[in-house]
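# Survey of secondary and tertiary structure
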Amino acid sequence: MRVAVVGSGPAGLYAADALAKNGVAVDIVEALPCPFGLVRYGVAPDHPKIKSIARSLQQVFEQPGVRFLGNVSVGTDVSRAELRERYDAVVYATGAALGRPLGIPGEELSGVRSATDFVAWYSGHPDAEAADFELTARSAVVIGVGNVAVDVARLLIRSPDELAVTDIPSHVLATLRRSTVEEVHVVGRRGPAWAAFTTKELRELGGLAGVDVVVDPTELELDDAGRARLAESPTARRNLDALTDWARRPLTGAPRRVHLRFWLRPVTMLGTDAVEAVEFERTALGPGGAVVGTGDTDPIKTELVLTSVGYRAEAPAGLPFDGAVVPHDAGRVLDGVGPVAGEYVAGWIKRGPTGLIGTNRQDAGETVRSLLADLGDRPGHGDPDALPALLAGRGVQVVTWAGWEAIAAAEVALGQAEGRDRAKITDRSTLHRIGTAPSP
Ligand code: NAP
């Protein structure tokens, strides 16, 4: 039996792992020349412990029968129908790579960007341009209070010396060294008890050299709804403890500051060509827990806005799509009539952009159980040469696992030349050249 898994992020690799452990041959098809999805292009460079998950995910490729077919775009290089014909089943684990727009006036002004663009830039995603971010602002605003908001705020304010030991791309480090950002305002539209970030990530902001965390105690005050929320959520209690510590602690006069703000919803971005301020309206909780505006406004001056209000997905290669996810039943793709034979989903394209990396193991496990139950013990027909032959006929140059290992070795060599363990290569043509060069 041979299954194609589309997407080599955690969800795709956990699915491939579960399949391989059941004796199924797996081709992992990836649009980029490099594997690991958001582990490589989403997890912040200063989170090496989370990044080290790549080492355990790597073991998936080391199992017999598992192949990496990088630089292959489903929908462009091979159609969904062509893929389906060549495998016993296909699992789509293409994630949700785009930032959600806020949908407020002024969002088109220059200086207003999605946090996902900033993440792609500092992670060295091949689609990001080196000059995408110049960081000439003094004050930056991050809208949203999830873990991505905390990541982008930390990368904006953290001393570049602390980042210089990571695998951050050299041009990103150089821009961060020139950065003029002194203030970062992270703004939530509800109270701190409803913030989406987790406490470990939040507390990290308090340990950054040269940075004060500023919290207004009046924004931490609790009403009945806030107290009820704390009673039901240990994370909310721990978050509030961290915020209360900062609100009580005197500022040290550090050169850079992170302001954690609450009860403010963005109404409009102000400015002529470039953003000059964000107008926020103060909020309260209305009936049924909805956020309602109080009519009081509070502008924050800024030259850079990062909207960090969640990810969104695009339908992969024409699969059924409800605007957010691919409809499914325990991982089986559903069209209007019922399950689509042989097509499955796992990860964010299946359940939406929530959860931590490990959440994908269970999620992919469910999908693989459905797939194996559907295929039963009928003989497989997947021909190992069918897709490579089609791609070769079209002149698509595939990056194999050996090609990825050559890229990884080149990144280690590049980093060591700069006095660090590894430095990311970001340019697609360079990745491609190294990844497809014949082995020596
Ligand atoms: P998220 O956790 O869903 O947070 C989104 C934030 O945007 C929430 O604070 C939400 O507030 C706010 N928001 C949504 N619509 C808004 C609007 N119109 N105006 C103002 N605020 C709005 O999403 P995320 O931060 O993108 O993270 C995605 C997932 O990746 C999460 O599961 C996260 O934990 C995970 N992640 C983990 C790490 C890590 O572990 N280090 C790092 C990055 C990401 P409301 O609650 O009021 O809607």
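This text goes with the structure placed above it.
In this text, all values refer to a predicted model and were calculated from it rather than measured experimentally.

Rules of the game
- Residues numbered from 1 in each chain as written.
- Predicted model: local features only at pLDDT ≥ 70, side-chain atom pairs only at ≥ 80, totals over all residues.
- Heavy atoms only, no water.
- Helix = DSSP H or I, 4+ residues; strand = E, 2+ residues; numbered from the N terminus.
- Buried < 20%, exposed > 50% of the residue type's maximum accessible area, 1.4 Å probe, protein only.
- Contact = heavy atoms within 4.5 Å.
- Areas by Shrake-Rupley, 256 points an atom, 1.4 Å probe, with all protein chains shown as cover.
- Lys, Arg positive; Asp, Glu negative; His and termini not counted.
- Salt bridge = Lys/Arg side-chain N within 4 Å of Asp/Glu carboxyl O.
- Polar contact = N/O pair within 3.5 Å; in protein donor to acceptor, adjacent residues only side chain to side chain.
- Pairing = 2+ DSSP bridges.
- Phe/Tyr/Trp six-rings, centres within 6.5 Å; stacked < 30°, edge-to-face > 60°.
- Axes fitted to C-alpha atoms, helices over the stretch in contact; angles between N-to-C directions.

Turning to the overall build of the protein, a few remarks are in order. Helix and strand counts for the protein come out as 17 helices and 18 strands. Expressed as lengths along the three principal axes of its C-alpha atoms, the size of the protein is roughly 65 × 55 × 40 Å. Taking all 440 residues of the protein together, 52% fall into the buried category. The long-range share in the protein, meaning contacts at least 24 apart out of those at least 6 apart in sequence, stands at 73%. Total accessible area on the protein stands at roughly 18900 Å², and carbon and sulfur atoms take up 52% of it.

So, about unusual backbone geometry. Even without glycine at this site, Asn71 takes up a positive phi of about 70°. You can see Asn71 is positioned in the loop between strand S3 (66-70) and helix H5 (80-86). Phi is positive for Leu135, which is not a glycine, with a value near 55°. Looking at where Leu135 falls in the secondary structure, it is placed in the loop between helix H6 (115-122) and strand S7 (139-143).

The next point concerns the side chain of Asp88. On the secondary structure map, Asp88 appears in the loop between H5 and strand S4 (89-92). Buried charge without a salt bridge: Asp88, with Arg84 as the nearest opposite-charge side chain at an N-O distance of 6.7 Å. Within the local environment of Asp88, its side chain forms a polar contact with the backbone nitrogen of Arg2, the two atoms lying 2.8 Å apart. A polar atom in the side chain of Asp88 sits 2.8 Å from the side chain of His381. Excluding residues that lie within four positions of it along the chain, Asp88 makes contacts with Met1, Arg2, Gly342, Leu375, Gly380, His381 and Gly382.

Looking now at the side chain of Ser370. Within the element layout of this structure, Ser370 appears in helix H14 (residues 359-375). With a relative accessible area of 6%, Ser370 lands in the buried category. Discounting chain neighbours no more than four positions away, the residues touching Ser370 are Ala330, Arg332 and Tyr344.

In this sheet, strand S13 (residues 291-301) lies alongside strand S12 (residues 275-285) in antiparallel orientation, the contact comprising eight bridges. Among the inter-strand pairings, Glu281 is bridged to a residue of S13, identified as Thr297. Between S12 and S13, which pair antiparallel one after the other, the connecting turn spans five residues, and Gly288 there sits at a positive phi close to 75°.

Time to look at the packing of aromatic side chains. The tally for this structure, following the rule as stated, stands at 11 aromatic pairs. Relative to Trp401, the ring of Phe61 has its centre 4.2 Å away and its plane inclined at 15°; by these criteria the two rings are stacked. Taken together, the residues span a long stretch of sequence, with Phe61 in helix H4 (residues 53-61) and Trp401 in helix H16 (residues 401-417) at a distance of 340 residues. Assessed through its relative accessible area of 6%, Phe61 is described here as buried. Judged by relative accessible area, which is 13%, Trp401 ranks as buried. With 5.3 Å between their ring centres and 85° between their planes, Phe118 and Tyr122 make a pair best called edge-to-face. In this pair, Phe118 and Tyr122 are both assigned in helix H6, four residues apart and thus about one turn of the helix distant. For the pair Phe118 and Tyr122, a shared accessibility class is recorded, and that class is buried. The structure contains a cluster of three or more aromatic residues connected by ring pairs, namely Phe36, Phe61, Phe68, Trp401 and Trp404.

For the rest of this paragraph, the subject is the environment of Glu279. As for its position among the elements, Glu279 is in strand S12. Here the alpha-carbon distance between Glu279 and Asp374, two residues 95 residues apart in the chain, equals 54 Å. Sequence-distant contacts of Glu279, that is, excluding residues within four places in its chain, are made with Arg265, Pro266, Val267, Thr268, Leu270, Thr297, Asp298 and Pro299.

Note that Arg238 resides in helix H12 (residues 234-248). For the pair formed by Arg238 and Gly342, sequence separation is 104 residues and the distance between their alpha carbons is 45 Å. Excluding residues within four positions of it along the chain, Arg238 makes contact with Thr199 and Arg203.

So, about the sheet that holds strand S2 (residues 25-30). Taken together, the seven strands give an open sheet; going across it, the order is S3-S2-S1-S4-S18-S17-S16, and neighbouring strands pair in mixed fashion. Lying at the two open borders of the sheet, with one neighbouring strand each, are S3 and strand S16 (328-329). The pairing of S2 with S3 spans five bridges and is classified as parallel. Counted as the bridge partner of Glu30 is Gly70 from S3. Each of strand S1 (2-6), S4, S16, strand S17 (332-334) and strand S18 (339-345) is contacted by H14, which is oriented at about 150° to S18, the strand it contacts most.

Counting buried residues along strand S9 (residues 211-215), four of its five residues qualify, which places the element largely inside the surrounding structure. Where S9 meets strand S10 (residues 256-261), five bridges bridge the pair, whose relative direction is parallel. Bridge assignment links Val213 to a residue of S10, and that residue is Val258.

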